[in-house]
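Observations on the three-dimensional arrangement
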Amino acid sequence: IQTPRRSLLNLKVGFVGMGSIASEVAYQLHMRGTANMRYWSRTRKESLEKSLGLQHTSLGDLVSTVDVLCIHLSGCAETFNLIDESVLACASTGLMILNLSNPKIICPRALKTYLNRNADAFCFIDGYYNEWVANKGQHDDPYGLLSLPSKKIMVTSHLAAQEQVTVENIFLQAVKTLHCISGR
């Protein structure tokens, strides 16, 4: 359902991670007039703060004060579950999360709880905790996120999962599954 939305100029946009992709997104938003941008990063980016008017802040403060949270952070042991129950407890009730990084940066159970508790909250994830063959769909989702309505969450397959060899492996697995079902 289409509804009126606030202008990009009026949204408070936050970034988790401020590498080259997030910096480019911030630059493009800045060029289009978005002035209220904040970020959290493991390292401060003072030159970007000056050129784009970014404000560095804590992760808890970031999620509590922005309308849109863009996650552009490398996935590793240090960043997995970075956004957990304690961080999402600080989040505004209508936060729109755009996770363009490894899904594991957000704790899936904390995300489900947050989305269920906040009617206006939304999350887009590029990729899923279980990708392709390991993803059995909403009826066999250990996190329960895939059963949430699309107004709460949207998940797309990560672009890396679309490599030719990956797609070939998916089709091979589908053939094996069909053979098992048909008894051959």
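Scope of this entry: the structure provided in the associated data block. (Residues numbered from 1 in each chain as written. Predicted model: local features only at pLDDT ≥ 70, side-chain atom pairs only at ≥ 80, totals over all residues. Heavy atoms only, no water.)

Our next topic: the pairing of strand β4 (residues 68-71). Where burial is concerned, the two faces of β4 agree: the one with Val68 and Cys70 and the one with Leu69 and Ile71 are both buried. Bridge analysis of strand β1 (residues 13-16) against β4 gives four bridges, and the strand direction is parallel. Within the sheet, the bridge partner assigned to Val13 lies in β4 and is Val68. In this view, the connection linking β4 to its parallel neighbour strand β5 (residues 96-99) by way of helix α4 (residues 85-90) has right-handed handedness. (Buried < 20%, exposed > 50% of the residue type's maximum accessible area, 1.4 Å probe, protein only. Helix = DSSP H or I, 4+ residues; strand = E, 2+ residues; numbered from the N terminus. Pairing = 2+ DSSP bridges. Right-handed = clockwise from strand over helix to strand, strands pointing away.)

Despite not being glycine, Asn81 has its phi angle at roughly 60°, a positive value. Assignment of secondary structure puts Asn81 in the loop between β4 and α4.

Turning our eyes to something else, we now look at the layout of surface pockets. Here the largest pocket is characterised by a volume of approximately 630 Å³. As for the largest pocket, its lining consists of 16 residues, of which Thr3, Arg5, Gly94, Met96 and Asp120 are closest to the centre. When its volume is computed, the second largest pocket comes out at roughly 170 Å³. Forming the walls of the second largest pocket are 14 residues, and the residues nearest its centre are Met18, Gly19, His72, Leu73 and Ser74. Across the lining of the second largest pocket, the residue classes break down as four nonpolar, eight polar and two charged. (1 Å grid on protein atoms, 1.4 Å probe; cavity = no way out; pocket = protein on both sides within 12 Å on 5 of 7 lines; lining within 4 Å. Points joined across faces, edges and corners; volume = space filled by probe spheres on them. Nonpolar A, V, L, I, M, F, W, Y, C, P; charged D, E, K, R; others polar.)

Once the charged atoms of two side chains with opposite charge are near each other, the side chains can pair. Under the counting rule described, the total for this entry stands at three salt bridges. Notably, a salt bridge pairs Arg44 with Glu49, separated by 2.9 Å at the nearest N-O pair. Overall, Glu49 belongs to the buried group, its relative accessible area being 14%. (Salt bridge = Lys/Arg side-chain N within 4 Å of Asp/Glu carboxyl O.)

Honestly, it's all geometry; don't read function into it.
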